[in-house]
Amino acid sequence: MKPHFLIHWTDEVDSTNNELLRGRDTLPGGYILAARHQTAGRGQRGNDWKDSKGENLTFSALLRPGSDGLPAIAARDQFTVSEAAAVSVRDLLRAHGAKVKVKWPNDIYFRDKKICGMLIENSLAGEDVAVSIVGIGININQKEFSPALMNPTSLTLITGETYGLEELLDEFAEIFSGRLALTGDTEGRARLRADYLDGMYRLEEEHDYALRSDGSTFRGTIKGISEEGMLLVEMPDKTLKSFGFKDISYII
Ligand code: BTN
């Protein structure tokens, strides 16, 4: 089974995630809404996501696991959606000459600069994921960024080329569809996991991190991710600790 995506482009919306949340009960699985401009784009942890009109990809995909050609996904396996999305963006950008890496949980980085962020909003029904809204922002043709942003980059800054957004999104949908087809069984998910870990940002390297709880810092080495998608870090005393997204931040 491989989901088929139907892509709809709009000039302006508050946030493509918001629009799909509003249409969650009526829109078909496999619907992608892409906006040339978002007036209130949302990022992780309540941050905003600003775009530069018409220069970047800002879109959301509505997934209904268990229907519309997509395998069912158990709530405990929901990190597999993040993995499928992250690996798909990574492979799309690599196919266009940018040697990017996945930064756990689902950012895409070129060296120490961020080129893509994701906001994935799942609703559960019992033990399963009922609807997943996968919101993705990828910097494509933007050359100048606000100095307020920590470390942004774009595909054009990396390769020097200019890209057609619609063609890139069509390519992404094709790659994502193939990756999502793997999420339905243990073997497929193991393959996705191995691909996700392959060349992951900072894997097996010693770096500085901070605890979000009290801001304290420590040096650690990322060893991998747990079954449910927590980050596994070897601590200074050599013990292995697992961290959720709200627990740890990278010092870059
Ligand atoms: C982050 O890195 O903080 C996540 C950014 C996610 C941005 C995308 S752009 C398309 C979709 N619509 C939104 O409002 N947010 C996501």
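Residues numbered from 1 in each chain as written. Predicted model: local features only at pLDDT ≥ 70, side-chain atom pairs only at ≥ 80, totals over all residues. Heavy atoms only, no water.

1. Section: helix α2 (residues 79-95)
1) Next: Here α2 is 17 residues long and its end C-alpha atoms lie 24 Å apart, about the 24 Å a rise of 1.5 Å per residue gives.
2) Next: For α2, the tally of buried residues reaches 14 of 17 residues, placing the bulk of the element in the interior.
3) Next: Count one or two residues on from α2 and you reach glycine 97, which has phi positive near 95°. (Helix = DSSP H or I, 4+ residues; strand = E, 2+ residues; numbered from the N terminus. Expected span 1.5 Å × (residues − 1). Buried < 20%, exposed > 50% of the residue type's maximum accessible area, 1.4 Å probe, protein only.)

2. Examining the sheet that holds strand β4 (residues 101-103)
1) Next: Reading across from one edge, β1-β2-β3-β7-β6-β5-β4 is the order of the seven strands in this open sheet, with mixed pairing throughout. The open sheet has two edge strands, β1 (6-13) and β4, and neither has a second partner. Averaged over neighbouring strand pairs, the angle between their axes works out to 25° when direction is ignored.
2) Next: By the bridge criterion, three bridges tie β4 to strand β5 (residues 107-110) in an arrangement that is antiparallel. What sits directly across from valine 102, in β5, is isoleucine 108. (Pairing = 2+ DSSP bridges. Axes fitted to C-alpha atoms, helices over the stretch in contact; angles between N-to-C directions.)

3. Comments concerning the environment of aspartate 68
1) Next: Topologically, aspartate 68 is positioned in the loop between β3 (57-63) and α2.
2) Next: Filtering out sequence-adjacent residues up to four positions away, aspartate 68 remains in contact with Pro3, His4, Pro28 and Gly29. (Contact = heavy atoms within 4.5 Å.)

4. Re the nonpolar core
1) Next: Core analysis: the largest hydrophobic core is formed by 58 residues, its most contacted members being Ile136, Ile138 and Phe176.
2) Next: When residues in this core are grouped by element, the largest group, nine residues, is from α2. (Core = buried A, V, L, I, M, F, W, Y, C linked by side-chain atoms within 4.5 Å.)

5. With respect to the pattern of salt bridges
1) Next: One pass over the structure, following the stated rule, counts 18 salt bridges.
2) Next: Here glutamate 234 ties to lysine 238 by a salt bridge, and the two come within 3.7 Å at their closest N and O atoms.
3) Next: Here the residues in one salt-bridge network are Arg90, Asp91, Arg179 and Asp195, joined through shared partners. (Salt bridge = Lys/Arg side-chain N within 4 Å of Asp/Glu carboxyl O.)

6. Observations concerning the site of the ligand
1) Next: Not every one of the 20 residues close to the ligand is listed here, only the nearest: Ser15, Gln38, Arg42, Gln44 and Lys114.
2) Next: One of the side-chain N or O atoms of threonine 16 is found 3.1 Å from a nitrogen atom in the ligand.
3) Next: Starting from 410 Å² of accessible surface for the ligand in isolation, the protein chains cover 97%. (Near = heavy atom within 4 Å. Polar contact = N/O pair within 3.5 Å; in protein donor to acceptor, adjacent residues only side chain to side chain. Areas by Shrake-Rupley, 256 points an atom, 1.4 Å probe, with all protein chains shown as cover.)

7. Looking at helix α4 (residues 165-180)
1) Next: A rise of 1.5 Å per residue sets the reference length of α4, with its 16 residues, at 22 Å; its end C-alpha atoms lie 22 Å apart and thus fit the reference within 8%.
2) Next: Those residues of α4 not exposed but buried are Leu165, Leu168, Leu169, Phe172, Ala173, Phe176, Ser177, Arg179 and Leu180.

8. Some words on the packing of aromatic side chains
1) Next: Enumeration according to the criterion identifies 10 aromatic pairs in this entry.
2) Next: Measuring from centroid to centroid gives 5.7 Å for phenylalanine 79 and tyrosine 196, while their planes differ by 75°, and the two rings are edge-to-face. Of the two residues, phenylalanine 79 is situated in helix α2 and tyrosine 196 in helix α5 (residues 186-197); the sequence distance between them amounts to 117 residues.
3) Next: Relative accessible area serves as the criterion here: at 11%, phenylalanine 79 is assigned to the buried category.
4) Next: Residue tyrosine 196 is classed as buried on the basis of its relative accessible area, which comes to 0%.
5) Next: The interplanar angle of 65° and the centroid separation of 5.3 Å between the aromatic rings of tyrosine 209 and tyrosine 250 together place this pair among those described as edge-to-face. One end of the pair, tyrosine 209, is in strand β8 (residues 206-211); the other, tyrosine 250, is in strand β12 (residues 248-250), with 41 residues separating them in the sequence. Here the two residues tyrosine 209 and tyrosine 250 agree in accessibility, since each one is buried.
6) Next: The structure contains a cluster of three or more aromatic residues connected by ring pairs, namely Tyr109, Tyr201, Tyr209, Phe218, Phe243 and Tyr250. (Phe/Tyr/Trp six-rings, centres within 6.5 Å; stacked < 30°, edge-to-face > 60°.)

9. Some thoughts on the pairing of β1
Every regular strand shows the same layout, with side chains that alternate between the two sheet faces.
1) Next: In this sheet, strand β2 (residues 31-38) lies alongside β1 in parallel orientation, the contact comprising seven bridges. Within β2, the position partnered with glutamate 12 by the bridge is histidine 37.
2) Next: The parallel pair β1 and β2 is bridged by helix α1 (residues 16-22), and the resulting crossover is right-handed. (Right-handed = clockwise from strand over helix to strand, strands pointing away.)

10. Description of the sheet that holds strand β11 (residues 240-243)
1) Next: Reading across the sheet, the five strands line up as β11-β10-β9-β8-β12 and stay open at both edges, with antiparallel pairing between neighbours. Edge positions in the sheet fall to β11 and β12, since each of these pairs with one other strand and no more. Between one strand and the next, the sheet's axes are offset by a mean angle of 50°, whatever the strand orientation.
2) Next: The pairing of β8 with strand β9 (residues 217-225) spans five bridges and is classified as antiparallel. Within the sheet, the bridge partner assigned to alanine 210 lies in β9 and is threonine 217.

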